[in-house]
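Observations on the three-dimensional arrangement
For reference, the chains in residue letters:
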Amino acid sequence: MQIKSLHTQLYTISSYALRHNSETLTGCNRIGALVQKWQRLKKSGISDTLCQETLGISRSTYYRYVQKLKHMAIGIPLASRRPKRLRSPLWTEAQLQHLVSLRSAYPTYGKAKLAVILKRDHGWTLSESTVGRMLSHLKSNGLITRSVSALRKKRKRSFAKGHAQPWIFKPYQDMVIGERIQIDHMTVTKNGVTVKHFQAWDRVSKYIYANVYSHAKSTSAKRFLLELVQTVPFKILSIQVDGGSEFRAEFEAACAELGIPLLILPPRKPQYNGGVERGNRTFQEEFYANPNLLADSIGHIRHELSKALNTYNSFRPHFNLRGRTPLEYINSSQPEAA
């Protein structure tokens, strides 16, 4: 009979011993370094008071470290830093069971809402933190699952071409026309036709350019970018977008070829693109919701959209521009662009 491996418990004990030895050596090195620094300072004629201020430890701590090093030299490990008295739960079993029922009935409710309900309906004054610890306890025991509406861990944004840069705040009053053009897209269905509405919005002049496509891929975003550069009556200095996949690949490569800086918004920050988001709502209400819009194909919608854009940019007054239209503001600010 051949024994090809040892008992699993031997591997467990060996792993524990190696980990414990590593932790002991780490603690020994840290303490030894502090003790050596203290002793070097003392040899230089530095007082204990100045040694304390320099190293950030008290004199009693220094002597305690010296004793620990002596014990460790003869094989006695460092004492555990685990508290002797652990915090006991502040809730009862009845409260815990009722919380399970509540969370099962309302799986998207967080600790804040649940704490209010427990106090309002049952008179249990439990803080949000306590309810949060109760939820964590229930999750660890498999009695509840993570809420579908809970915030997910942020994922690092990666862009293949390396041209895009992270968004950095800049005071709005310091911006000029064509700087940080906001671009976004939305899905719209009108008269049985579903289109992807891409839109660009200039913060300073409030100028909007939009177009519709059959899909929201990077090829469509690139096509929209090229049309935008050719259409707007000013030079595009930079663009900001969210982290959607449609603004990667070919769109990013097109920005690099045109020499236009591309800024990527942080995750879950649509308010930084608030202007174009509000523009989407404007066209939802004033264009797509119009009962007189009878377009039943992408080409027909595109034709009607061009007329709506002309109305928005050259006829519809904008109160932030003191009653002027975006084109009037651009022509008054940049006469050469007329």
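Owing to the predicted nature of the structure, the values given are computational and were not obtained by experimental measurement.

What counts and how
Residues numbered from 1 in each chain as written. Predicted model: local features only at pLDDT ≥ 70, side-chain atom pairs only at ≥ 80, totals over all residues. Heavy atoms only, no water. Patch = residues over 30% accessible without salt bridge, like charges linked within 9 Å, V, L, I, M, F, W, Y side chains within 5 Å. Areas by Shrake-Rupley, 256 points an atom, 1.4 Å probe, with all protein chains shown as cover. Salt bridge = Lys/Arg side-chain N within 4 Å of Asp/Glu carboxyl O. Lys, Arg positive; Asp, Glu negative; His and termini not counted. Charge placed at Lys NZ, Arg CZ, Asp CG, Glu CD. Helix = DSSP H or I, 4+ residues; strand = E, 2+ residues; numbered from the N terminus. Buried < 20%, exposed > 50% of the residue type's maximum accessible area, 1.4 Å probe, protein only. 1 Å grid on protein atoms, 1.4 Å probe; cavity = no way out; pocket = protein on both sides within 12 Å on 5 of 7 lines; lining within 4 Å. Points joined across faces, edges and corners; volume = space filled by probe spheres on them. Nonpolar A, V, L, I, M, F, W, Y, C, P; charged D, E, K, R; others polar. Expected span 1.5 Å × (residues − 1). Contact = heavy atoms within 4.5 Å. Core = buried A, V, L, I, M, F, W, Y, C linked by side-chain atoms within 4.5 Å. Axes fitted to C-alpha atoms, helices over the stretch in contact; angles between N-to-C directions. Parallel < 35°, antiparallel > 145°, perpendicular 65-115°, else oblique. Pairing = 2+ DSSP bridges.

Examining a positive patch on the surface
- Taken together, the side chains of Arg30, Arg64, Lys68 and Arg81 make up a positively charged region of the molecular surface.
- As for its placement among the helices and strands, Arg81 is situated in the loop between α3 (59-73) and α4 (93-105).
- For Arg81, a relative accessible area of 79% puts it in the exposed group.

Let's talk about the layout of surface pockets
- A volume near 300 Å³ is recorded for the second largest pocket.
- In terms of lining residues, the second largest pocket is bounded by 14 residues, among which Glu286, Phe287, Asn290, Ala308 and Thr311 are the most central.
- Every element with two or more residues in the lining of the second largest pocket is listed here: α9 (274-288) and α10 (298-314).
- The leading source of residues in the lining of the second largest pocket is α10, at 5 residues.
- The class makeup of the residues in the lining of the second largest pocket is 6 nonpolar, 4 polar and 4 charged.

Some thoughts on helix α7 (residues 218-231)
- Here α7 spans 20 Å end to end across 14 residues, near enough to the 20 Å set by a 1.5 Å rise per residue.
- Elements in contact with the buried residues of α7: β2 (181-190), β3 (193-201), β4 (208-213), β5 (239-241) and α8 (250-258).

Here we look at the pattern of salt bridges
- Evaluated as defined, the whole model comprises 8 salt bridges.
- Measuring nitrogen to oxygen at the nearest pair gives 3.0 Å for the salt bridge that ties Arg59 to Asp48. Note that Arg59 is positioned in helix α3 and Asp48 in helix α2 (residues 48-55), a separation of 11 residues in sequence.
- By relative accessible area, Arg59 is classed as partly exposed at 41%.
- Assessed through its relative accessible area of 17%, Asp48 is described here as buried.
- Between Glu304 and Lys307 there is a salt bridge, with the nearest N and O atoms lying 3.3 Å from each other. Of this pair, Glu304 and Lys307 both sit in helix α10, 3 residues apart, roughly one helical turn.

Re the environment of Glu128
- Structurally, Glu128 is set in helix α6 (residues 128-140).
- For Glu128, a relative accessible area of 42% gives the class partly exposed.
- Remark: the alpha-carbon pair of Glu128 and Leu114, spanning 14 residues in sequence, is separated by 8.2 Å.
- Setting aside chain neighbours within four positions, we find Glu128 in contact with Lys111, Ala112 and Ala115.

Structural notes on a nonpolar patch on the surface
- A grouping of Leu226, Val229 and Leu258 is seen on the molecular surface, where their side chains present a nonpolar patch of about 210 Å² in accessible area.
- Following the sequence through the fold, Leu226 ends up in helix α7.
- The partly exposed category is assigned to Leu226, whose relative accessible area is 39%.

Side note on the nonpolar core
- If you look at the biggest cluster of nonpolar residues, it comprises 49 residues, and the most contacted ones within it are Ile183, Ile239, Phe251 and Tyr288.
- Setting aside anything within four residues of it in sequence, one finds Ile183 in contact with Gln199, Ala200, Phe224, Leu228, Ile239, Gln240, Val241, Phe247, Phe251, Asn273 and Val276.
- In this structure, Trp91, Leu96, Leu99 and Leu118 belong to the second largest nonpolar core, which totals 15 residues.

Quick word on the packing of α7 against α8
- Close contact between α7 and α8 brings their axes to 7 Å; oriented N to C, the two are set at 30°. Overall, the two elements α7 and α8 adopt an arrangement that is roughly parallel. Contact residues: α7 offers Ser218, Thr219, Ala221, Lys222, Leu225, Leu226 and Val229, while α8 offers Glu250, Phe251, Ala254, Cys255 and Leu258.
- The residue makeup of the contact of α7 with α8, split by class, is 8 nonpolar, 2 polar and 2 charged.

Section: the pairing of β3
- In terms of residue burial, β3 counts as a mostly covered element, since 7 of its 9 residues are buried.
- In this sheet, β3 lies alongside β2 in antiparallel orientation, the contact comprising 9 bridges. Following the sheet pairing, Gln182 is matched in β3 by Trp201.
- With 6 bridges joining them, β3 and β4 adopt antiparallel strand pairing. Looking at the pairing, Phe198 lines up with Asn211 of β4.
- The turn joining β3 and β4, which pair antiparallel and follow one another in sequence, is formed by 6 residues; a positive phi near 65° is taken by Lys206.

On their own, these measurements won't tell you what the molecule is for.
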